[in-house]
Amino acid sequence: MKPEIYQRYLQVLHDEVVPALGCTEPIAIAFAAAWARKLLGTLPERLAVQASGSIIKNVKSVIVPNTGHLKGTEAACAAGVIAGDAGAGLEVLSCLQESQISEIRSYMDSVPISVSALNEGPVFNLIVTAFASEDVVRVQIAEHHTQIVLLEKNGEVLFKKDLENPSQAADRSWMSVEGIWEFVEALNVADVSELFDKVIACNMAIAEEGLLGNYGANVGSTLLFTYGDGMYNRAKAYAAAGSDARMDGCELPVYINSGSGNQGIVCSVPVIICARELGVSTDQLYRALALSNLIAIHEKTGIGALSAYCGAVSAGAAAGAAIAYLSGGGYKEVAHTIVNAVAIDSGMICDGAKASCAAKIASAVDAGIFGFLMYQRGGEFLDGDGIVVKGVENTIRNVGRLGREGMRGTNEEIIRMMTEK
């Protein structure tokens, strides 16, 4: 592999696999609110949050961490204003103290926080406007959870980012499954060992916490109780348990993928469980984690940051591909596993972040594993089977088209259902 291509894949991993505390959509609101407070220089007397429908959908039902089980846009905004660290990115609420919870509640009760939908612009689009005395500040985040594109105070533009001409780093159109496979084979594990050691520690910790505690609908522990301790069921159960805990406000960070903590859990936890059971080397585990994370990023590129297409499907297919690799499979097994997996589960909708995400994760991991086991026994979905077409890249393009274009109306209808009074 050419050194410059190797470095590009490596950079994608380090850009996309990063730590976050809490569901990333409310955290993005808290991040924008923390920046608004910072620019204003004092507590806002009034706040206005404008967000694209997909953000509102993902914030509505999920717990904001470290807030005593508060949920929703207003809670995320108030938490960011009162206790957010604007310099901490997706860990903006990591320094929130228990003593500040009552302050957040009081602020929500006394300060007007309006919430409205942004019907134009990027699918991921968020503006927080803060008012104090004669001062007004605006913070806009677009396309990515911490990508600030506008900072404005009293009508003066302090910073503006051009969204019409994205940087080369933001362009992922050059990625391919074959290229990812070549990168994994060429990988110097020293380049990812520090990152993946953190991924393993953080994402397994929240999975284990999800099994120990009473979180959400307890999907993970129910899977173990019902279907036993076999390797593949544990892979599903531990991933689901991580989501159980995360959706219910667990105060442990996770390493995310493509802007999503749930997708980060799916790309890592089933792979780690299977690697430990199969007794593979640490070197192989690192390569498998690189494979799963990069494939998920590649799949998500065509779909976009937010959609009515459940992101766990892409991550589950990627985890299945990594498990195929850990089981001795080569490029052919990896490619066919991806196609089989997305053919099984591509109808799964995203109706926001909440407890049932854990069950969807279990289904997506199952589809990824089954996609591999099917191909191992000679079974595969062929060109013309629904959205499946010849070649893994062509099928991934179809999935991207389905998630980005085909499900746009579905997303709008889901948002209407979720916001109707």
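Above this note sits the structure.
Heads up: these notes are all about the structure in this document. Source: prediction; values computed, not measured. (Residues numbered from 1 in each chain as written. Predicted model: local features only at pLDDT ≥ 70, side-chain atom pairs only at ≥ 80, totals over all residues. Heavy atoms only, no water.)

A closer look at the overall build of the chain
A count of helices and strands for the chain gives 16 helices and eight strands. For the chain, the C-alpha radius of gyration of 21 Å lies close to 22 Å, the compact-globule estimate for 421 residues. Taken along the three principal axes of its C-alpha coordinates, the chain extends 70 × 45 × 45 Å. The buried share among the 421 residues of the chain stands at 57%. (Helix = DSSP H or I, 4+ residues; strand = E, 2+ residues; numbered from the N terminus. Rg over C-alpha atoms; globule rule 2.2 N^0.38 Å. Buried < 20%, exposed > 50% of the residue type's maximum accessible area, 1.4 Å probe, protein only.)

Quick word on helix H16 (residues 408-419)
For H16, which comprises twelve residues, the first-to-last C-alpha distance of 17 Å matches the rise-based estimate of 16 Å (1.5 Å per residue) to within 8%. Asn411, Ile414, Ile415 and Met418 are the residues of H16 that are buried. Down the axis, H16 shows its buried residues gathered within 100° of arc, on one side only. Buried residues along H16 sit in contact with helix H3 (53-59). (Expected span 1.5 Å × (residues − 1). Arc of directions from axis to C-beta. Contact = heavy atoms within 4.5 Å.)

A short note on unusual backbone geometry
The phi torsion at His69 lies on the positive side, around 70°, for a residue other than glycine. Structurally, the position occupied by His69 is in the loop between H3 and helix H4 (73-83). With a phi close to 55°, Ser258 is a non-glycine residue in the positive phi region. Given a relative accessible area of 13%, Ser258 falls into the buried group.

Points about the packing of aromatic side chains
Applying the stated criterion to the full structure yields five aromatic pairs. Summarising the aromatic geometry, the rings of Tyr9 and Trp174 are spaced 4.7 Å apart at their centres and angled 70° between planes, so their arrangement reads as edge-to-face. Of this pair, Tyr9 sits in helix H1 (residues 3-16) while Trp174 is found in the loop between strand E7 (156-160) and helix H6 (177-186), placing the two residues 165 residues apart along the sequence. Residue classification places Trp174 among the partly exposed positions, given a relative accessible area of 21%. (Phe/Tyr/Trp six-rings, centres within 6.5 Å; stacked < 30°, edge-to-face > 60°.)

Some remarks on the sheet that holds strand E4 (residues 125-132)
Ordered in space as E3-E2-E4-E5-E6-E7, the six strands form an open sheet in which the pairing is mixed. Edge strands, defined here as strands with exactly one partner in the open sheet, are strand E3 (113-118) and E7. This sheet shows a mean twist of 15° between the axes of neighbouring strands, independent of strand direction. As judged from the six bridges shared by strand E2 (residues 46-52) and E3, these two strands associate in the parallel manner. Note on E3: the bridge partner recorded for Ala51 is Ala117. Together, E4, strand E5 (135-142), strand E6 (148-153) and E7 form the strand contacts of helix H2 (residues 24-40), whose direction differs from that of E5 by roughly 150°. (Pairing = 2+ DSSP bridges. Axes fitted to C-alpha atoms, helices over the stretch in contact; angles between N-to-C directions.)

Section: the pairing of E4
A large share of E4 lies buried, amounting to eight of its eight residues. Side chains of E4 alternate between two faces, with Asn125, Ile127, Thr129 and Phe131 and Leu126, Val128, Ala130 and Ala132 buried alike. For E2 and E4, the ladder comprises six bridges, and the chain directions are antiparallel. In the sheet register, Ala48 faces E4, and the bridge partner there is Thr129. Where E4 folds back on E5, the antiparallel hairpin that results is connected by two residues, among which Ser133 adopts a positive phi of roughly 55°.

What to know about the environment of Ala296
Mapping Ala296 onto the fold places it in helix H11 (residues 282-303). Along the backbone, Ala296 and Gly264 are 32 residues apart, and their C-alpha atoms lie at a distance of 9.2 Å. Ala296 has contacts with Asn257, Ser258, Cys267, Ser314, Ala315 and Ala318, leaving out every residue within four places of it along the chain.

So, the nonpolar core
Buried together is how nonpolar side chains tend to be arranged in soluble globular proteins. Among the nonpolar cores identified, the biggest contains 135 residues, and Leu126, Phe183, Phe196 and Leu291 are the most heavily contacted of them. Once residues lying within four places of it in the same chain are set aside, the contact partners of Phe196 are Leu13, Tyr286, Leu289, Ala290 and Asn293. Val219, Leu223, Ala358 and Ala362 belong to the second largest nonpolar core, which has six residues in total. (Core = buried A, V, L, I, M, F, W, Y, C linked by side-chain atoms within 4.5 Å.)

Some thoughts on the side chain of Thr129
Tracing the sequence through the fold places Thr129 in strand E4. Thr129 gets classed as buried once you look at its relative accessible area, which sits at 8%. Ignoring anything within four residues of it in the chain, the contact list for Thr129 reads Arg46, Leu47, Ala48, Gln50, Val136, Val137 and Arg138.

Observations regarding the packing of H4 against helix H5 (residues 101-110)
Put simply, H4 and H5 touch, their axes get as near as 9 Å, and they point 120° apart. On the basis of the axis angle, H4 is oblique to H5. Handedness of the H4/H5 crossing: right-handed. Contact residues: Glu74, Ala75, Ala78, Ala79, Val81 and Ile82 in H4; Glu103, Ile104, Tyr107 and Met108 in H5. Residues of the contact of H4 with H5, tallied by class, amount to eight nonpolar, no polar and two charged. (Parallel < 35°, antiparallel > 145°, perpendicular 65-115°, else oblique. Left-handed = near helix turned anticlockwise from the far one by under 90°. Nonpolar A, V, L, I, M, F, W, Y, C, P; charged D, E, K, R; others polar.)

So far we have only geometry, and geometry alone does not tell us how the molecule works.
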